[in-house]
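Examination of the molecular architecture
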Amino acid sequence: MSEVTGDSGPELAALVADRVLDVPGFPHAGIVFKDLSPLFADPVAFRRVVDATVHAHDGFDVVVGIEARGFVLAAAVAYAAGVGVVPVRKAGKLPRDTHAASYALEYGEATLEVHRDAFAAGQRVLVVDDVLATGGTAQAALQLVEQAGASPLGLTVVVELSFLGGRARVDAHPVHSLLIV
Ligand code: AMP
């Protein structure tokens, strides 16, 4: 296997690389989908990823998970860190008053939402997701945290597709990626 890198070191990056499947052509031609299902299903790899995420950023009070695969990680990270979890959801899924943030997709636009009362004022928030690609999703989630009166501490993702430049887009906040490709 060729050398792999990540912000928690090469050994964890190699473990992640080994448990993530590339699915060419899903959901569209030209996309290589990173399927984290085998990683989530592996008890050792999943625990390593959760523990690394807990330790990637110091001092968070709450974890945000981005729908839908971010939920898998966020709940486990929150439990391991002894904090709560807040969902950032696609438009129209949350039942009460929300803040909304829209961003451009390859074709069209997407909107994410968070409940207006999701955070106590000034809470320090860790945002987690499975994949950082162009960064639009993460940027919207971080923006929602600020709109809701909390303080984004940083972003942790399992896989960063560095050739798409997402890290630069969320530049104002520290980014930690367990596998950088
Ligand atoms: P982006 O907004 O471009 O950074 O896209 C990140 C979001 O889309 C994440 O929530 C990912 O779950 C999903 N995503 C984007 N590209 C991929 C990919 N190649 N494989 C898996 N998920 C992806």
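The rules we used
- Think of each chain on its own: its residues are numbered from 1, step by step along the sequence as written.
- A pLDDT threshold of at least 70 governs which residues receive local features in this predicted model, and a stricter bar of 80 or more applies before side-chain atom pairs are shown or counted, although totals over entire chains, interfaces and linings include all residues.
- The side-chain figures draw on all heavy atoms in the structure; neither hydrogens nor water molecules are used.
- Nearness is judged by heavy atoms alone; a residue qualifies as near a molecule or strand once a single heavy atom is within 4 Å of it.
- Think of a polar contact as two N or O atoms within 3.5 Å of one another; within protein, one of them needs to be a possible hydrogen donor and the other a possible acceptor, and neighboring residues in sequence only count if both atoms come from side chains.
- Surface accessibility in these figures is a Shrake-Rupley result with a 1.4 Å probe; residues are shielded only by whichever protein chains are displayed.
- Definitions used throughout: a 1 Å grid over protein atoms alone; a cavity as a set of points that fits a 1.4 Å probe which cannot get out; a pocket as an open set with protein on both sides within 12 Å along at least five of seven lines; a lining residue as one with an atom within 4 Å of a point.
- Cavities and pockets are treated as containing a molecule whenever more than half of the molecule's atoms lie within 2 Å of their grid points.
- Strands are runs of DSSP state E lasting at least 2 residues, helices are runs of H or I lasting at least 4, and numbering of each runs from the N terminus.
- Multiplying one less than the number of residues by 1.5 Å gives the expected span of a helix.
- Under the scheme applied here, a residue whose accessible area is under 20% of the maximum for its type counts as buried, over 50% as exposed, and between as partly exposed, the area being computed with a 1.4 Å probe on protein chains only.
- Working rule for contacts: check all heavy atoms of both residues, and any pair within 4.5 Å makes them a contact.
- As a rule, the C-alpha atoms of each element are fitted with a line to give its axis, helices using only the stretch in contact, and angles between N-to-C directions run from 0 to 180 degrees.
- Here roughly perpendicular refers to angles of 65 to 115 degrees, roughly parallel to angles under 35, roughly antiparallel to angles over 145, and oblique to all remaining angles.
- Crossing chirality is assigned from the near helix's rotation relative to the far helix, an anticlockwise turn below a right angle marking it left-handed and a clockwise turn marking it right-handed.
- In this classification, the charged set is Asp, Glu, Lys and Arg, the nonpolar set is Ala, Val, Leu, Ile, Met, Phe, Trp, Tyr, Cys and Pro, and all remaining amino acids, among them Gly, are polar.
- Grid points are joined across faces, edges and corners, and a volume is the space filled by probe spheres set on the points.
- A pair of strands is considered paired only if DSSP assigns at least 2 bridges between the two.
- A clockwise course of the path from the first strand over the helix to the second, judged with the strands pointing away from the viewer, identifies a crossover as right-handed.
- Think of a patch as exposed residues, more than 30% relative accessible area, with no salt bridge, where like charges cluster within 9 Å and nonpolar side chains (Val, Leu, Ile, Met, Phe, Trp, Tyr) cluster within 5 Å.
- Salt bridges are defined by distance alone: a side-chain nitrogen of Lys or Arg within 4 Å of a carboxyl oxygen of Asp or Glu.

Close to the ligand lie 13 residues, the nearest being Asp129, Asp130, Thr134, Gly135 and Thr137. A distance of 2.9 Å is found between an oxygen atom of the ligand and a backbone nitrogen or oxygen belonging to Ala133. Here the ligand loses 82% of its free accessible area of 480 Å² to cover by the protein chains. In this structure the site holding the ligand corresponds to the largest pocket. Secondary-structure elements contributing two or more residues to the shell around the ligand are β2 (32–35), β7 (124–132) and α5 (136–147).

Between its terminal C-alpha atoms helix α4 (residues 69–81) stretches 19 Å, which fits the 18 Å expected from 13 residues at 1.5 Å a residue. For α4, the complete set of buried residues consists of Gly70, Leu73, Ala74, Ala76, Val77 and Ala78. Taken together, the buried residues of α4 touch α2 (37–41), α3 (43–56), β3 (62–66), β4 (84–90), β7 and β8 (151–160). In the segment just after α4, Gly82 is the residue with positive phi, at about 75 degrees.

Topologically, Thr111 is positioned in strand β6 (residues 109–115). C-alpha of Thr111 to C-alpha of Ala141: the two residues are 30 residues apart in sequence and 9.9 Å apart in space. Leaving out residues up to four positions away in the same chain, Thr111 has contacts with Arg89, Lys90, Ala91, Ala100, Ala101 and Ser102.

Moving on to the packing of α3 against α4. Where α3 meets α4, the axes come as close as 9 Å, and the angle between the chain directions of the two elements is 65 degrees. If you check the angle between α3 and α4, you find them roughly perpendicular. Viewed along their axes, α3 and α4 form a crossing whose handedness is right-handed. Residues Phe46, Val49, Val50, Thr53 and Val54 of α3 lie in contact with α4, whose contacting residues are Val72, Leu73, Ala76, Val77, Ala80 and Ala81. Class assignment of the residues belonging to the contact of α3 with α4 gives a composition of 10 nonpolar, 1 polar and no charged.

For the rest of this paragraph, the subject is the layout of surface pockets. Volume-wise, the largest pocket comes out at about 1,100 Å³. For the largest pocket, the lining is made up of 33 residues, of which Ile31, Arg69, Leu105, Ala133 and Thr137 are closest to its centre. Per element, the largest residue contribution to the lining of the largest pocket is 4 residues, and it comes from β7. Grouping the amino acids of the lining of the largest pocket by side-chain chemistry returns 19 nonpolar, 7 polar and 7 charged.

To continue, consider the pairing of β8. A large share of β8 lies buried, amounting to 8 of its 10 residues. Bridging between β7 and β8 involves 8 bridges; their strand directions are parallel. Bridging across to β8, Arg124 finds its partner in Ser151. In this region the chain leaves β7, passes through α5 and returns to the parallel neighbour β8; the handedness of that crossover is right-handed. Direction of pairing for β8 relative to strand β9 (residues 175–180): parallel, over a ladder of 5 bridges. Residue pairing for β9: Val159 is matched across the bridge by Leu179.

A few words on a nonpolar patch on the surface. A cluster of nonpolar side chains, contributed by Leu21, Val23 and Phe26, occupies part of the molecular surface with about 250 Å² of accessible area. Within the secondary structure, Leu21 is located in strand β1 (residues 21–24).

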